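The chain contents come next:
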Protein chains: 2
Amino acid sequence: MGKKGSLMSVRHDIKVFDATLRDGGLVNNFGFSDEFVKDLYEANVNAGVDYMEFGYKADCDMFAKSDFGKWKFTDEEDLRAIVGNNDTDLKISVMADVGRTNLKRDILPKSESVIDMVRVATYINTIPAAINMAEYCHELGYETTINIMAISNASEGDLRQALELISESNVQAVYIVDSYGAVYPERMREIADLYVEHTEAAGKLTGIHAHNNQQLAFANTIEALSRGASYLDATVSSLGRGAGNCPIELLLAFLQNPKYNVVSILRFIEKHIPKLKADGLVWGYDIQYLLTGRFNQHPSSAIEFTKNKRSDYTRFYSELLDKE
Amino acid sequence: MGKKGSLMSVRHDIKVFDATLRDGGLVNNFGFSDEFVKDLYEANVNAGVDYMEFGYKADCDMFAKSDFGKWKFTDEEDLRAIVGNNDTDLKISVMADVGRTNLKRDILPKSESVIDMVRVATYINTIPAAINMAEYCHELGYETTINIMAISNASEGDLRQALELISESNVQAVYIVDSYGAVYPERMREIADLYVEHTEAAGKLTGIHAHNNQQLAFANTIEALSRGASYLDATVSSLGRGAGNCPIELLLAFLQNPKYNVVSILRFIEKHIPKLKADGLVWGYDIQYLLTGRFNQHPSSAIEFTKNKRSDYTRFYSELLDKE
């Protein structure tokens, strides 16, 4: 494996993937206004973004519909209320978590849905279940990916085995997911090389979904890209769980393909992001996320720290040490 | 040139350099309280930081003392009021800008000063003047560096010539300064290789001073480090002009040498940073800095945009296009 392209070149395998609603929904319980969602959809269409993930396909027997906004479930009629028949070049995605979905009940045949892609999110120890789910969706006519979460906790051996199993499936891409924001660029390049070695051999693509705990989400995304990753997850203004994601405005400004245009995203930010912040929504890089990232821990304790409006970082540091 | 060390190794050539007061002084006109400065000094000593830059040696004939805080001038008695004789392992630095200093009047012989290092900041077209200044300070007994600003605007040929000239001088380090936050990690590695090739041959070291316009200050710092850069500039909470700098808390948490300890910096942040923000000081990554960085322009227009509390990013984008 080696470097793919240069800072000047256009790589036609690249797909910019907007995950604002799905990952951002973890910040506000999916409580986005229809205007926000509609404007984001239009901004993405105009920006040349390739995929937009609207939300999860969560099992309503496990999660009460009254406890969440509609994009936790992403029902077909709610989608169509925003996109109609989606007569655009923007493809629509939903995410299905291993162990939290009822695909047989909740996924329609592709011919009856405006959804284009189902992404299956899994930890490394549930890869066989993830492959089953992806194959089921593939049979129904969807594009599929498998997204391996908490990659910083996966051993090289397990990861190779996972990539070999997935290579035999029909998924079109396999994602590196740095859920904890724990991976440094030097290590990210090694992980990307391992992925690309397997996905290229199997005629598939590699994806990258980074978190910003150590201000490395954008850097890790473009480093994985430079090693051959094609599917690039990003969110508007970094909106996403905890420290947030790779900001889509940085990514679009970076990419050389003239089909991408950051201006419609800037306009969306102008209109919507100050309001979200004024309403009290808090996300993005802060010391507590740096610390869980550095300790390679799930961000849940940092999210709790944030919710409780704490700023006693040294005490939080000791609490994390106790969990090691 | 190649990769130096790994994510696990300790590199004893590394020097962590705190530039909080000097670069942060550009945000608040050097208006730091003595308590802030004293606490920062102690936090740096306890964190194992190698150098602390207190401020500029600006010419008081060009800049009225009444218009700035004392760290614009960094007089010996002001320094001693904070550090006494500085009986610690932390070295003390000041910065001298080409064309804005009166060294003959303002720099004492080293035997009369607690300052250890004078860093000369220059654009690529004033390298001979910078070398003169550095040699003058070297003669007086100081450690010296030359910091080449706006590196993203320097041609490869000019840069090679500059590095060759500096190689013949007595400076101990030459800095890459990404003043505009315009450099991507891939390019940063190339620049670092060029520097290290020259500095190693001359028995000198390479330094890196990054800005965070594109959320790449930390990434670029550790990428330059991985290619052999030794002097690593950083500031507490990224405090610095415009989008700010590489956060020292990220850098200290990253480094493997057990002499570094992030906890005293976390304690300093807890005590002082919320207050600076509550007092209305604004710095750090935002869309306007992304845009000047991407356009490879000086951040001054983005700083103005910030001061005017504007958020019309699309209009600002057009304004920048007009300046190209």
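Quantities reported herein were computed from a predicted structural model and do not represent experimental measurements. (Residues numbered from 1 in each chain as written. Chains lettered and ligands numbered in written order. Predicted model: local features only at pLDDT ≥ 70, side-chain atom pairs only at ≥ 80, totals over all residues. Heavy atoms only, no water.)

(A) The arrangement of the relation of the copies chain A and chain B in detail. When chain A is fitted onto chain B, the two copies agree to an RMSD of 0.0 Å after a turn of 180° and an axial shift of 0.0 Å. Both chain copies can therefore be described as sitting about a two-fold axis. Interface overlap between copies: 100% of the residues of chain A at the interface are likewise at the interface in chain B, consistent with a symmetric, same-surface contact. (Least-squares fit on C-alpha atoms with pLDDT ≥ 70 in both. Contact = heavy atoms within 4.5 Å.)

(B) The arrangement of the pairing of strand 5 (residues 143–148) of chain A in detail. Residue and element names in this part refer to chain A. Of all six residues in strand 5, six are buried, a share of seventy percent or more. On strand 5, burial covers both faces: Glu143, Thr145 and Asn147 on one face and Thr144, Ile146 and Ile148 on the other are all buried. As defined by bridge partners, strand 4 (residues 117–122) adjoins strand 5 across six bridges and the pair is classed as parallel. In the strand pairing of strand 5, Ala121 is matched with Asn147. Note on the crossover from strand 4 through helix 5 (residues 127–139) to strand 5: the handedness is right-handed. Note that strand 5 and strand 6 (residues 173–178) share four bridges and pair parallel. Across the sheet, residue Ile148 finds its bridge partner in strand 6, namely Ile176. Since strand 5 and strand 6 lie parallel, the crossover through helix 6 (residues 156–167) that links them has a hand, and here it is right-handed. (Buried < 20%, exposed > 50% of the residue type's maximum accessible area, 1.4 Å probe, protein only. Helix = DSSP H or I, 4+ residues; strand = E, 2+ residues; numbered from the N terminus. Pairing = 2+ DSSP bridges. Right-handed = clockwise from strand over helix to strand, strands pointing away.)

(C) Just the domain arrangement of chain A, in detail. Residues and elements named next belong to chain A. Partitioning chain A into structural domains gives domain 1 (15–278) and domain 2 (287–323). For domain 1 versus domain 2, the distance between C-alpha centres works out to 25 Å. Every contact between the two is made by twelve residues of domain 1 and, on the other side, ten residues of domain 2. Across the interface of domain 1 and domain 2, roughly 910 Å² is buried in total on both sides, 55% from carbon and sulfur atoms. (Domains from an automatic or database assignment. Buried area = accessible area lost by both parts, 1.4 Å probe.)

(D) Structural view of the sheet that holds strand 4 of chain A. All names here are of chain A. Taken in spatial order, the eight strands close into a barrel running 1-2-3-4-5-6-7-8, and their pairing is parallel. Neighbour-to-neighbour, the strand axes of the sheet open up by a mean angle of 25°, direction not taken into account. Bridge analysis of strand 1 (residues 15–18) against strand 8 (residues 231–234) gives four bridges, and the strand direction is parallel. If you follow Lys15 over to strand 8, its bridge partner there is Tyr231. The sheet strands contacting helix 1 (residues 20–28) are strand 1, strand 2 (51–56), strand 3 (91–97), strand 4, strand 7 (205–210) and strand 8, and the helix crosses strand 2 at an angle near 35°. (Axes fitted to C-alpha atoms, helices over the stretch in contact; angles between N-to-C directions.)

(E) Region of interest: unusual backbone geometry. All names here are of chain A. At Asn86, a residue that is not glycine, the phi angle is positive and equals roughly 50°. Inspection of the secondary structure assignment puts Asn86 in the loop between helix 3 (76–83) and strand 3. Judged by relative accessible area, Asn86 falls into the buried class, the value being 9%. The backbone phi angle of Gln215 is positive, close to 55°, even though this residue is not glycine. With respect to the element layout, Gln215 can be found in the loop between strand 7 and helix 8 (217–226). Residue classification places Gln215 among the buried positions, given a relative accessible area of 9%.

(F) Spatial organisation of the sheet that holds strand 1 (residues 15–18) of chain B. All names here are of chain B. One closed barrel accounts for eight strands, arranged 1-2-3-4-5-6-7-8; its pairing is parallel. The mean inter-strand angle of the sheet, taken between neighbouring strand axes irrespective of direction, is 25°. Pairing of strand 2 (residues 51–56) with strand 3 (residues 91–97) involves five bridges; the strand directions are parallel. Directly across from Met52, in strand 3, lies its bridge partner Ile92. Sitting on the sheet, helix 1 (residues 20–28) is in contact with strand 1, strand 2, strand 3, strand 4 (117–122), strand 7 (205–210) and strand 8 (231–234), with an inclination near 35° to strand 2.

(G) Examining the pattern of salt bridges more closely. Residues and elements named next belong to chain A. One pass over the full model with this rule turns up 61 salt bridges over all chains. Here Arg22 ties to Glu53 by a salt bridge, and the two come within 2.8 Å at their closest N and O atoms. In this pair, Arg22 is assigned in helix 1 and Glu53 in strand 2, connecting sequence segments 31 residues apart. The pair formed by Arg22 and Glu53 is uniform in burial state, with each residue classed as buried. (Salt bridge = Lys/Arg side-chain N within 4 Å of Asp/Glu carboxyl O.)

(H) Seen up close, empty space enclosed by the protein. Under the counting rule described, the total for this entry stands at five cavities of 30 Å³ or more. In this structure, the largest cavity encloses a volume near 220 Å³. Around the largest cavity sit 20 residues that line it, and Ser6(A), Ser9(A), Leu225(A), Phe254(A) and Leu255(A) are the ones nearest its centre. When residues in the lining of the largest cavity are grouped by element, the largest group, four residues, is from helix 8 of chain A. Classifying every residue of the lining of the largest cavity by side-chain character gives ten nonpolar, six polar and four charged. Each pocket or cavity is described by its volume, and for the second largest cavity that value is around 180 Å³. The wall of the second largest cavity is formed by 17 residues, among which Ser6(B), Ser9(B), Ile14(B), Leu225(B) and Phe254(B) lie closest to the centre. (1 Å grid on protein atoms, 1.4 Å probe; cavity = no way out; pocket = protein on both sides within 12 Å on 5 of 7 lines; lining within 4 Å. Points joined across faces, edges and corners; volume = space filled by probe spheres on them. Nonpolar A, V, L, I, M, F, W, Y, C, P; charged D, E, K, R; others polar.)

(I) Structural context of the interface of chain A and chain B. With 40 residues of chain A at the contact, the number on the chain B side is 40 residues. A buried area of about 3500 Å², summed over both sides, lies between chain A and chain B, and 65% of it is on carbon and sulfur atoms. The three residues of chain A that bury the most area against chain B are Glu186(A), Gln215(A) and Thr314(A), which together make up 17% of that side's buried surface. Between chain A and chain B we count four salt bridges in total. Of the charged contacts, one joins Lys3(B) and Glu186(A) as a salt bridge, the two residues approaching to 2.7 Å between their closest N and O atoms.

(J) Structural detail: the packing of helix 7 (residues 185–201) of chain A against helix 8 (residues 217–226) of chain B. Helix 8 of chain B packs onto helix 7 of chain A with a crossing angle of 80° between their chain directions and a minimal axis gap of 10 Å. Here helix 7 of chain A lies roughly perpendicular to helix 8 of chain B, going by the angle between them. Taken together, the residues of helix 8 of chain B that come into contact with helix 7 of chain A (itself represented by Pro185(A), Glu186(A) and Arg189(A)) are Ile222(B), Glu223(B) and Ser226(B). Looking at the contact of helix 7 of chain A with helix 8 of chain B, its residues break down into two nonpolar, one polar and three charged. (Parallel < 35°, antiparallel > 145°, perpendicular 65-115°, else oblique.)

(K) View of helix 2 (residues 34–47) of chain B. Residues and elements named next belong to chain B. With 14 residues, helix 2 extends 20 Å between its outermost C-alpha atoms, agreeing within 8% with the 20 Å of an ideal straight helix rising 1.5 Å per residue. Restricting attention to buried positions, one finds in helix 2 the residues Phe36, Val37, Asp39, Leu40, Tyr41, Ala43, Asn44 and Ala47. At its buried positions, helix 2 is contacted by strand 1, helix 1, strand 2, helix 3 (76–83), helix 9 (248–254) and helix 10 (263–278). Two residues or fewer past helix 2, Gly48 is found with a positive phi of approximately 80°. (Expected span 1.5 Å × (residues − 1).)

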